Amino acid sequence: MSYTTVDELPSKVGEEVRLRGWVRRFRSSGKISFLVLRDGTGEVQCVFVKNEVSEETWEGLAGAEHEASVVVEGQVRADERAPSGVELTATGFGLLGPAGDFPIQPKEHGVDFLLEKRHLWLRSARQIAIMQIRDEIMRAIQDFLHHEGFTRVDTPILTGAIGESAGTLFETEYFDLGTAYLAQTGQLYVEAAAAALGKVYCFGPTFRAEKSKTRRHLTEFWMVEPEAAWLDSDANMELQERFVTWIIKRVLFNKREQLDVLERDVSKLEAIEPPFDRMSYSEAVELLTANGSDVEWGSDLGATDEARLVEGREKPLFVYDYPKGAKAFYMKENPEDPRTVKCNDMLAPEGYGEVIGGSQREDDYDRLLERIREEGLPESSYDWYLDLRRHGTFTHSGFGLGVERTVTWICGLDHLRETIAFPRMMTRITP
Ligand code: 4AD
Ligand code: MG
């Protein structure tokens, strides 16, 4: 007999099947035993009746401990009370790999312990739901961008130029060429590709030596970075709101069950529709100051300020046109107020903070060179980047959406460490 998977069972009612997987739960009354088996495609309850199975099968069930790997044979039975609509009337049992004192038991464990055992923690129902939602988001991102005519361009992880800020670089020796940096962003490279292909994006892991131990920072995180020729800052925000709405709709449509496992209030997600709210940085500072914040015009907004700005809002908020000094060197100077740059952050509602950072890029050669000098960046490393302004410079914009922050928001989690299988943080490099 070949093996069946749990997701196939509803179409096999009445048939004899053989399943393999792990024991989620087991309990026995002495006459009847219930084994919940999970196999990656779902969970099913297998019912063993002592008088109806062989003695060998019944005795073998002693090995059916939490997280042992097992084989179960039996007949598929329709059962209205079961979540999947089926149960197994089990006749055979085999132990493949004993559970061996599984460290994570159905009780409260501290998060440090769980992170230490992350390779095993992944098997819990909650972690499985998060991974499945993350996967849906990864696919929705690519589907949207292909639908909109974007071409994926894969950018290097080992780079010679600082992408975002000198303060958070991971460095490594690179043969005779000196120091290489792990990419903080693929942006500078997708800008080059946008002059070739029009609409492009990169999608991969990025690295920042963040010394902050916050709920929002990883040292290795995934970012998707669309970049488009002839797109200005306003059109960039419109693209972002359509993008985020699409991602959320896809999760609501395909992953409702997983959102339920996480007890996510889906009405909060259903409310996300374009247009999102918009507010200039200067308006934001005015509003915050009026509400008692000590934020000063010129500095970036902190997490508390961001939370205050979205309070009472159902939809994300764009804060646009930040002061030059608070943002990266490549952003376009605002012709209407040269103290500021044409950029935006997208702040998620419910206090989830910045999920997107985007901007129109400086396309003027002289101004860009001046900014590189002001920031004290090594000019020679940016010569190729300046070439894009020397040869057929063009209006262009783009943005970066952080995958883990987006998953945190959509899943309604407290901390982004659960949104990636093996999180990398300042204090964690294993497992
Ligand atoms: O705002 P950031 O730094 O923007 C850029 O990197 C631009 N080059 C993007 C672009 O215009 N192409 O980062 C973009 C997003 C943030 O909004 C956040 O969602 C996420 O990346 N992010 C992080 N996520 C987890 N851990 C960190 N340490 C993160 N830093 C940024
Ligand atoms: Mg940012």
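Values in this document were obtained by computation on a predicted structure and should not be read as measured data. (Residues numbered from 1 in each chain as written. Chains lettered and ligands numbered in written order. Predicted model: local features only at pLDDT ≥ 70, side-chain atom pairs only at ≥ 80, totals over all residues. Heavy atoms only, no water.)

1. Quick word on the domain arrangement of the chain
Here is the rule: Each domain's limits were defined by an automated method or a database of domain assignments. Any two residues having at least one pair of non-hydrogen atoms within 4.5 Å are treated as being in contact. Reported buried area values correspond to the accessible surface (1.4 Å probe) lost by two parts on association, with both partners' losses combined. Here, a salt bridge means any Lys or Arg side-chain nitrogen found within 4 Å of an Asp or Glu carboxyl oxygen. Pairs of N or O atoms within 3.5 Å make up the polar contacts considered here, provided that, within protein, one atom can donate a hydrogen while the other can accept it, and that residues adjacent in sequence are counted only when both atoms are side-chain atoms. Note that Gly is not counted as nonpolar here; it falls among the polar residues with everything else outside the nonpolar set of Ala, Val, Leu, Ile, Met, Phe, Trp, Tyr, Cys and Pro and the charged set of Asp, Glu, Lys and Arg.
If you check the domain split of the chain, you get domain 1 (6-97) and domain 2 (118-418). Using C-alpha coordinates to define each centre, domain 1 is positioned 46 Å away from domain 2. In this assembly, five residues from domain 1 lie in contact with five residues from domain 2. Counting each side, the surface lost to burial between domain 1 and domain 2 is near 320 Å², with a carbon and sulfur contribution of 37%. Taken as a group, Arg 24, Arg 38 and Glu 67 account for 76% of the area that domain 1 buries against domain 2, more than any other trio of residues on that side. Across the domain 1-domain 2 interface, the total number found is one salt bridge. For Glu 67, the salt bridge identified is with Arg 123, shortest N-O distance 3.2 Å. On the surface where domain 1 and domain 2 come into contact, there are two residue pairs in polar contact (both at pLDDT 80 or more). Residues of the side of domain 1 that touches domain 2, tallied by class, amount to one nonpolar, one polar and three charged.

2. Focus: the site of ligand 1
To keep things clear, this is the line we draw: Nearness of a residue to a molecule or strand requires only that one of the residue's heavy atoms be within 4 Å of it. Here the accessible surface of atoms and residues is derived via Shrake-Rupley with a 1.4 Å probe, and residues count as covered only by protein chains that are part of the display.
Surrounding ligand 1, one finds 23 residues, the nearest of these being Glu 164, Gln 187, Arg 208, Glu 225 and Glu 354. Glu 210 is positioned with one of its side-chain polar atoms (N or O) 3.2 Å from a nitrogen atom of ligand 1. For ligand 1, a nitrogen atom lies 2.9 Å from a polar atom in the backbone of Leu 218. In isolation ligand 1 offers 630 Å² of accessible surface; the protein chains occlude 94% of this area.

3. Side note on the nonpolar core
We apply this condition: To form a nonpolar core, buried Ala, Val, Leu, Ile, Met, Phe, Trp, Tyr and Cys residues must be joined to one another through side-chain atoms within 4.5 Å. Buried residues are those whose accessible area, probed at 1.4 Å on protein chains only, stays under 20% of the maximum for their type, while exposed residues exceed 50% and partly exposed ones sit between those limits. Numbering of helices and strands runs from the N terminus, with a helix taken as a DSSP run of H or I at least four residues long and a strand as a DSSP run of E at least two residues long.
Formed by 43 residues in total, the largest nonpolar core has its most connected members in Ile 141, Phe 243, Trp 409 and Ile 410. When residues in this core are grouped by element, the largest group, nine residues, is from helix H4 (residues 125-147). If we skip the residues at most four places from it in the chain, Phe 243 touches Ile 141, Phe 144, Leu 145, Val 224, Phe 399 and Leu 401. Counting residues in hydrophobic clusters, the runner-up holds 32 residues, among them Tyr 181, Leu 188, Phe 329 and Leu 377.

4. Details of the packing of aromatic side chains
Put simply, the rule is: Each pair of aromatic rings taken from Phe, Tyr and Trp, with Trp reduced to its six-membered ring, is defined by centres within 6.5 Å and is described as stacked if the planes are under 30 degrees apart, edge-to-face if over 60, and tilted in the remaining cases. Only Lys NZ and Arg CZ are tested; either one counts as a charge over a ring when it is within 6 Å of the ring centre and within 35 degrees of the ring normal.
For the coordinates displayed, the defined rule picks out 15 aromatic pairs. Taking 5.5 Å as the distance between ring centres and 70° as the angle between the ring planes, the aromatic pair formed by Phe 144 and Trp 246 counts as edge-to-face. Here Phe 144, found in helix H4, pairs with Trp 246, found in helix H6 (residues 233-254); they are 102 residues apart in sequence, far enough to count as distant. Its relative accessible area of 27% is what places Trp 246 among the partly exposed residues. A network of ring pairs unites the aromatic residues Tyr 189, Phe 329, Tyr 330, Tyr 382, Trp 384 and Tyr 385 as a single cluster. Over the ring of Tyr 322 we find Lys 327, and its NZ or CZ is 4.2 Å from the ring centre. One cation-aromatic arrangement involves Arg 339 over Trp 297; the distance from NZ or CZ to the ring centre is 4.2 Å.

5. Here we look at unusual backbone geometry
Pro 274 connects to Pro 275 through a cis peptide bond whose omega is -5°. Within the secondary structure layout, Pro 275 lies in the loop between helix H8 (266-270) and strand S12 (277-280). Phi at Phe 175 is positive, roughly 45°, even though this residue is not glycine. Residue position: Phe 175 is located in the loop between strand S8 (171-173) and strand S9 (179-182).

6. Considering the pairing of S9
Walk down a regular strand and you will see the side chains alternate between the two sheet faces. The criterion, for reference: In short, DSSP must find at least two bridges between two strands for them to pair.
Here two bridges tie strand S7 (residues 158-159) to S9, and the two strands are oriented antiparallel to one another. The residue of S9 that forms the bridge with Thr 159 is Tyr 181. Here S8 pairs with S9 via three bridges, running antiparallel. By the bridge assignment, Thr 172 is partnered in S9 with Ala 180. Hairpin connection, S8 to S9: the antiparallel pair is bridged by five residues, and Phe 175 has positive phi, about 45°.

7. Considering the packing of H4 against helix H13 (residues 403-411)
Formally: An axis is simply a line fitted to the C-alpha atoms; with a helix, the fit covers only the stretch in contact. Between two such axes, the angle follows the N-to-C directions and lies from 0 to 180 degrees. Put simply, angles under 35 degrees are roughly parallel, angles over 145 are roughly antiparallel, angles from 65 to 115 are roughly perpendicular, and the rest are oblique. Here a crossing is called left-handed whenever its near helix is offset anticlockwise from the far helix by less than a right angle, and right-handed whenever the offset is clockwise.
Where H4 contacts H13, the two axes come as close as 10 Å, and the packing angle between them is 120°. With respect to H13, the axis of H4 lies oblique. Both H4 and H13 take part in a crossing whose hand is right-handed. On the side of H4, the interface is formed by Ile 130, Ile 133, Arg 134, Ile 137, Met 138 and Ile 141, while H13 contributes Val 403, Glu 404, Val 407, Ile 410 and Cys 411. Its residues placed into classes, the contact of H4 with H13 shows nine nonpolar, no polar and two charged.

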